[in-house]
Amino acid sequence: MKKNKKRGTGEAKPSSPPDDSPQAVIISLPRIIVTFLIAGAAIMYRLQPLWKEDPHVMDLALWNSTVGTAGVTQVLPCSPNHKVEYTGCEAVRCGRMVLDRLVTAEEAKQLITIAEKGMALGGGSGGATILDLHSGAISVGTKFADVRLLANKNGITELFSYEDLKLYRSVKNRIQLEIEKKWKIKTGKLKLTKPTFFSRMTDKPPTTVHDEYWHVHTDTEQYDRFHYTSLLYLNTYTTDFMGGRFMFDAPGFNNTVHPKAGRVSIFTSGTENPHHVERVTSGVRYAITIPFTCDPEFAIGDPTFS
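Described in the following lines is the structure provided in the data block. All values reported here derive from a predicted model rather than from experimental measurement.

### Things to note about the overall build of the protein
For the protein, the count of helices and strands is 4 helices and 18 strands. Counting over 306 residues, the protein shows a buried share of 53%. A fraction of 80% describes how many contacts in the protein between residues 6 or more apart in sequence connect residues 24 or more apart. Within the structure as shown, the protein displays about 13900 Å² of accessible surface, and the carbon and sulfur contribution to it stands at 54%.

What follows is the structure, encoded as structure tokens:
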């Protein structure tokens, strides 16, 4: 049975994030989300003006275009350490794809409204704010709090409505189905896993290393549970923010995805897909990270909020 990898950072171990039973209003920033945001030691980001072509960037999906019904797909050889351990679930052929017709721009706008309901009660001190509907964890300064306790403290009896959670589940289910179709996964084998969270990124300077979201990393090097990663963009590059492009890193050049409201990027989570987010230089960038696992031990259910 696989367990999460542990990484020594030389720093004090932060407390776990709040689970489904609120325990404290302010807690240390969860290791699981911190590691996801700052994974990797090397910084590979560049800021390129729109009017200057970058020979080191290959655009997979532009902000001002719509990919076809089948989306944009790149097939990649799986990483050398890739193992198929879960029959009927893990990828035999790895890769990535971008879809524009899975989630509407209006639904993306509604999801921003949901995110801001929670984020209004907190907010990171640097350029990154995180909200996890499953655990209730929300960035507050350099730490995390339970958004449910903050809501209660502010006299809010219903922070997220039934319709809010219904939309969140619907979008997640559509993405999951698309992964199952693309990689021919048997029904019931693929499971939602954590961390699953909204992110809000701005051009505010980092106040801690936790705000430095632009480091190159690969997901399964941090979490053995990750098998497929999906990113849903809630607003649009150049229209709502500058910088913030998503880059698959390769020797000599990057394959770049321009965030666009409703656009979904999906990829196998192994070392065949190193990636980073370009630093936001203006505006506000919203997205949702939704990872999936083939390991039932690390499955989580849909969020329920009370």
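Next comes the rest of the account.
### Points about the packing of helix 2 (residues 105-119) against helix 4 (residues 162-182)
In helix packing, the relevant descriptors are the interaxial angle and the interaxial distance, both defined with respect to the helix axes. Packing of helix 2 against helix 4 leaves a shortest axis separation of 10 Å and a crossing angle of 125°. Regarding the angle of helix 2 to helix 4, the classification is oblique. Crossing hand, helix 2 versus helix 4: left-handed. Contacts between helix 2 and helix 4 involve E107, Q110, L111, I114 and K117 from the former and D164, L167, Y168, V171 and R174 from the latter. Considered class by class, the residues forming the contact of helix 2 with helix 4 number 5 nonpolar, 1 polar and 4 charged.

### Concerning the pairing of strand 11 (residues 228-233)
Of all the 6 residues making up strand 11, 6 are buried; the element is thus mostly covered by neighbouring parts of the structure. Alternating positions in strand 11 separate into two faces, Y228, S230 and L232 on one and T229, L231 and Y233 on the other, with burial throughout. Relative to strand 18 (residues 285-293), strand 11 runs antiparallel, the two sharing 6 bridges. The residue of strand 18 that forms the bridge with Y233 is A287.

### Structural notes on the nonpolar core
Membership of the largest hydrophobic core comes to 45 residues, with the highest contact counts inside it found for L111, I175, I179, F198, Y228, L232 and L234. Mapped onto this core, the elements with two or more residues apiece are strand 4 (94-99), helix 2, helix 3 (147-153), helix 4, strand 11, strand 15 (264-268) and strand 18. Here I175 is in contact with L102, S230, L232, V264, I266, I290 and F292, once residues within four sequence places are set aside. Counting 17 residues, the second-largest nonpolar core is a separate cluster that includes M201, W214, F246 and A287.

### Observations regarding the environment of T73
Among the secondary structure elements, T73 is positioned in strand 3 (residues 72-76). For the pair formed by T73 and F267, sequence separation is 194 residues and the distance between their alpha carbons is 9.6 Å. When neighbours within four sequence positions are excluded, T73 is seen to be in contact with R96, M97 and K182.

### Some details on helix 4
Structurally, the α-helix is built with 3.6 residues per turn, so residues lying three or four positions apart point the same way. Over its 21 residues, helix 4 runs 30 Å from end to end, which matches the ideal 30 Å to within 8%, given 1.5 Å per residue. Those residues of helix 4 lying buried are D164, L165, L167, Y168, V171, K172, I175, Q176, E178, I179 and E180.

### Some thoughts on unusual backbone geometry
For the bond running from K194 to P195, omega is 10°, close enough to zero to count as cis. Secondary-structure assignment places P195 in the loop between strand 9 (191-192) and strand 10 (197-201). You will see that K184, though not glycine, has its phi angle at about 55°, which is positive. Within the element layout of this structure, K184 appears in the loop between helix 4 and strand 9. Taking the relative accessible area as the measure of exposure, K184 reaches 70% and is therefore exposed.

### Re the environment of L159
Among the secondary structure elements, L159 is positioned in the loop between helix 3 and helix 4. Classification of L159 by relative accessible area gives buried; the value is 10%. A C-alpha to C-alpha distance of 9.0 Å links L159 and I114, two positions 45 residues apart in sequence. Not counting the four nearest positions on each side in its chain, L159 is found in contact with K117, G118, L121, V147, A151, D164 and F305.

### Examining the packing of aromatic side chains
Per the counting criterion, the structure on display carries 8 aromatic pairs. Connected via pairs of aromatic rings, a cluster forms that spans F246, F248 and F267. One cation-aromatic arrangement involves R96 over F248; the distance from NZ or CZ to the ring centre is 4.1 Å.

### Details of the state of the cysteines
This structure, assessed with the given rule, holds 2 disulfides. Each sulfur in the disulfide pair C78 and C94 lies 2.1 Å from the other. Residues C78 and C94 share a disulfide whose torsion about the S-S bond is about 100°; that sign makes it right-handed. Separated by 16 residues along the polypeptide, C78 in the loop between strand 3 and strand 4 and C94 in strand 4 bring together distant segments of the chain. According to the relative accessible area criterion, C94 is buried, its value standing at 3%. Described in terms of the sequence order of its bonded cysteines, the disulfide pattern of the protein is 1-3, 2-4.

Definitions and limits used
Residues numbered from 1 in each chain as written. Predicted model: local features only at pLDDT ≥ 70, side-chain atom pairs only at ≥ 80, totals over all residues. Heavy atoms only, no water. Helix = DSSP H or I, 4+ residues; strand = E, 2+ residues; numbered from the N terminus. Buried < 20%, exposed > 50% of the residue type's maximum accessible area, 1.4 Å probe, protein only. Contact = heavy atoms within 4.5 Å. Areas by Shrake-Rupley, 256 points an atom, 1.4 Å probe, with all protein chains shown as cover. Axes fitted to C-alpha atoms, helices over the stretch in contact; angles between N-to-C directions. Parallel < 35°, antiparallel > 145°, perpendicular 65-115°, else oblique. Left-handed = near helix turned anticlockwise from the far one by under 90°. Nonpolar A, V, L, I, M, F, W, Y, C, P; charged D, E, K, R; others polar. Pairing = 2+ DSSP bridges. Core = buried A, V, L, I, M, F, W, Y, C linked by side-chain atoms within 4.5 Å. Expected span 1.5 Å × (residues − 1). Phe/Tyr/Trp six-rings, centres within 6.5 Å; stacked < 30°, edge-to-face > 60°. Lys NZ or Arg CZ within 6 Å of the ring centre and 35° of its normal. Disulfide = S-S within 2.5 Å.

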